[in-house]
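Next come the chains, spelled out residue by residue.
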Amino acid sequence: MIENNPRLIEESIKSGLPNNILDDIDSIFIKDSTESTNDNAKNHLKVQKALFSMHLAEQQTAGRGRNNRKWVSPHGKNIYLSLGWKSKLLHSQLEGLSLAVATCLISSLKEFSSKNIQIKWPNDLLINKKKISGILIETSDSEEGLDIVIGIGINVHMNESEGAEIDQDWGNLEENHSNKLDRNKIVQSIISKLHELFKDYPQSGFKKYHHTFESYNLLKDKLCKVEMDRETFKGKVIGVNEVGELRVEKDGEIHHLRYGEVSIREL
Ligand code: BT5
């Protein structure tokens with residue numbers, strides 16, 4: 001491995017994190033290779049005591065996106081991070097969660113890139129319209145509350161051939177393959193931001209993140225094509241509402257689109 005691209009190390013991730021965060025970490029698992037860090041987080045939640053656990057891998061052999069789409073996960077180049085969160089959220093609060101996570105993620109990744117990072121609703125992160133990151137949230141009910149897995153994939157140093165099978169435009173967080181970014185530092189920053197979310201989101205919901213989300217919203221004010229189960233239409237995106245639904249105007253009428261039910265693209 002290139003010297004400038006150190007491997008993931010627990011001590012590097014932890015060093016510098018304040019005690020209030022360290023105290024809430026149940027455990028950090030780093031694997032060289034695993035099927036999916038989301039599965040590891042899901043399994044660990046069954047025995048987890050503290051607020052959150054972290055599951056990382058240098059490579060995933062069955063990394064996945066939403067609806068079982070594949071997440072391309074080559075060795076040693078990117079970040080594959082899943083957080084297992086023992087939450088007290090209500091099901092009704094889940095709607096805006098992935099948007100809030102995407103907002104936190106940008107606040108963090110901005111520290112590592114001079115480029116403009118935007119969110120394509122609900123939660124794809126893009127630089128120059130190329131996807132650099134995706135989020136997969138999975139939940140299950142437990143006796144104490146709602147167990148949540150937040151899976152985050154971020155391309156950092158991936159090269160063309162490693163990403164060849166990705167069927168859409170993709171990019172890296174790092175510019176020009178300069179190998180300057182230390183993934184441990186990126187993970188550390190993400191943890192700080194998401195720890196704040198774990199504390200705030202149960203009270204604030206998406207409301208607290210709404211304004212910032214809009215400032216990153218790639219589709220805002222754009223004419224788009226919306227595809228739903230039984231309907232396809234063109235409309236102009238107005239923004240999102242306070243629960244994270246996308247507001248699209250068509251013939252003077254506002255449609256509220258819910259995450260998971262639609263696909264949308266710019267015209
Ligand atoms: C996502 O799904 O964007 C969520 C991806 C979450 C991945 C993380 S990695 C850690 C954790 N463990 C897991 O197993 N998963 C999570 P979706 O919106 O469905 O997007 C999937 C689509 O993104 C694919 O169909 C491709 O078009 C594209 N894609 C696949 N791999 C990519 C990559 N490395 N970079 C950019 N785009 C990719």
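Just so you know, these numbers come straight off a predicted model, no measurement behind them.

Conventions adopted
- Residues numbered from 1 in each chain as written.
- Predicted model: local features only at pLDDT ≥ 70, side-chain atom pairs only at ≥ 80, totals over all residues.
- Heavy atoms only, no water.
- Buried < 20%, exposed > 50% of the residue type's maximum accessible area, 1.4 Å probe, protein only.
- Helix = DSSP H or I, 4+ residues; strand = E, 2+ residues; numbered from the N terminus.
- Arc of directions from axis to C-beta.
- Contact = heavy atoms within 4.5 Å.
- Polar contact = N/O pair within 3.5 Å; in protein donor to acceptor, adjacent residues only side chain to side chain.
- Domains from an automatic or database assignment.
- Buried area = accessible area lost by both parts, 1.4 Å probe.
- Salt bridge = Lys/Arg side-chain N within 4 Å of Asp/Glu carboxyl O.
- Phe/Tyr/Trp six-rings, centres within 6.5 Å; stacked < 30°, edge-to-face > 60°.
- Pairing = 2+ DSSP bridges.
- Axes fitted to C-alpha atoms, helices over the stretch in contact; angles between N-to-C directions.
- Near = heavy atom within 4 Å.
- 1 Å grid on protein atoms, 1.4 Å probe; cavity = no way out; pocket = protein on both sides within 12 Å on 5 of 7 lines; lining within 4 Å.
- Sits in = over half its atoms within 2 Å of the grid points.
- Nonpolar A, V, L, I, M, F, W, Y, C, P; charged D, E, K, R; others polar.
- Right-handed = clockwise from strand over helix to strand, strands pointing away.

Peer 1: Whenever I open this one, helix α3 (residues 37-44) confuses me. Can you help?
Peer 2: Each full turn of the α-helix corresponds to 3.6 residues, which orients residues three or four apart in the same direction. Along α3, the residues that are buried comprise T37, N38, A41 and H44. Summarising the axial view, the buried residues of α3 lie within an arc of 130 degrees, below the 170-degree limit, and thus occupy one face. Tucked inside the fold, the buried residues of α3 contact β1 (25-31), β2 (52-57), β3 (79-87), β6 (130-141) and β7 (146-154). Its side-chain oxygen placed 3.2 Å from the backbone nitrogen of N38, S36 serves as the N-cap of α3.

Peer 1: Please explain the domain arrangement of the protein chain as it appears in this structure.
Peer 2: Buried accessible area, meaning the area lost when the parts come together, often serves as the stated size of an interface. Segmentation of the protein chain into domains returns domain 1 (10-214) and domain 2 (220-266). Using C-alpha coordinates to define each centre, domain 1 is positioned 26 Å away from domain 2. Together, the buried faces of domain 1 and domain 2 total about 1400 Å²; carbon and sulfur atoms form 56% of this surface. Ranking the residues of domain 1 by area buried against domain 2 places E95, W121 and E214 at the top, with a combined share of 51%. At the surface where domain 1 touches domain 2, the tally comes to two salt bridges. Ionic pairing is found between E95 and R258, a salt bridge with its closest N-O pair at 2.8 Å.

Peer 1: Just to check I follow, could you spell out the packing of aromatic side chains for this structure?
Peer 2: Each pair of aromatic rings is reported with the distance of its centres and the angle of its planes. Following the criterion strictly, the structure yields four aromatic pairs and no others. When the centroid spacing of 5.3 Å and the interplanar angle of 55 degrees are considered together, the rings of F52 and F198 count as tilted. One end of the pair, F52, is in strand β2; the other, F198, is in helix α5 (residues 183-204), and 146 residues separate them in sequence. Just as F52 is buried, F198 falls in that class too. Within the aromatic cluster, the residues linked to one another by ring pairs are F52, W85 and F198.

Peer 1: Can you walk me through the sheet that holds strand β10 (residues 246-250) in this structure?
Peer 2: Backbone-to-backbone hydrogen bonds pair the strands of a sheet. The strands run either parallel or antiparallel. One open sheet accounts for five strands, arranged β11-β10-β9-β8-β12; its pairing is antiparallel. At either margin of the open sheet sits one strand with a lone partner, and together these are β11 (253-257) and β12 (262-266). Adjacent strand axes in the sheet meet at a mean angle of 40 degrees when their direction is disregarded. With five bridges joining them, strand β8 (residues 223-228) and β12 adopt antiparallel strand pairing.

Peer 1: Can you help me understand the site of the ligand in this one?
Peer 2: The full set close to the ligand counts 29 residues, and S36, R64, R69, N155 and D167 are the nearest of them. V72 has a polar backbone atom sitting 2.9 Å from a nitrogen atom of the ligand. Here Q168 contributes a side-chain N or O atom positioned 3.0 Å from an oxygen atom of the ligand. With respect to the detected pockets, the ligand is housed in the largest pocket. Breaking the shell around the ligand down by element, the ones donating at least two residues are α3, β3, β6 and β7. Ranked by residues supplied to the shell around the ligand, first place goes to β6 with four residues. Residues that form the shell around the ligand fall into these classes: ten nonpolar, twelve polar and seven charged.

Peer 1: Sorry if this is basic, but what is going on with the pairing of β2 here?
Peer 2: Looking along a regular strand, one sees side chains alternate from face to face of the sheet. Burial of β2 is extensive: six of the six residues sit out of reach of the surface. One ladder, built from five bridges, connects β1 with β2; its direction is parallel. By the bridge assignment, I30 is partnered in β2 with L56. Once the chain exits β1 it traverses α3 before rejoining the sheet at β2, and the crossover so formed is right-handed. Relative to β3, β2 runs antiparallel, the two sharing six bridges. Counterpart to L56 in the pairing with β3 is L81.

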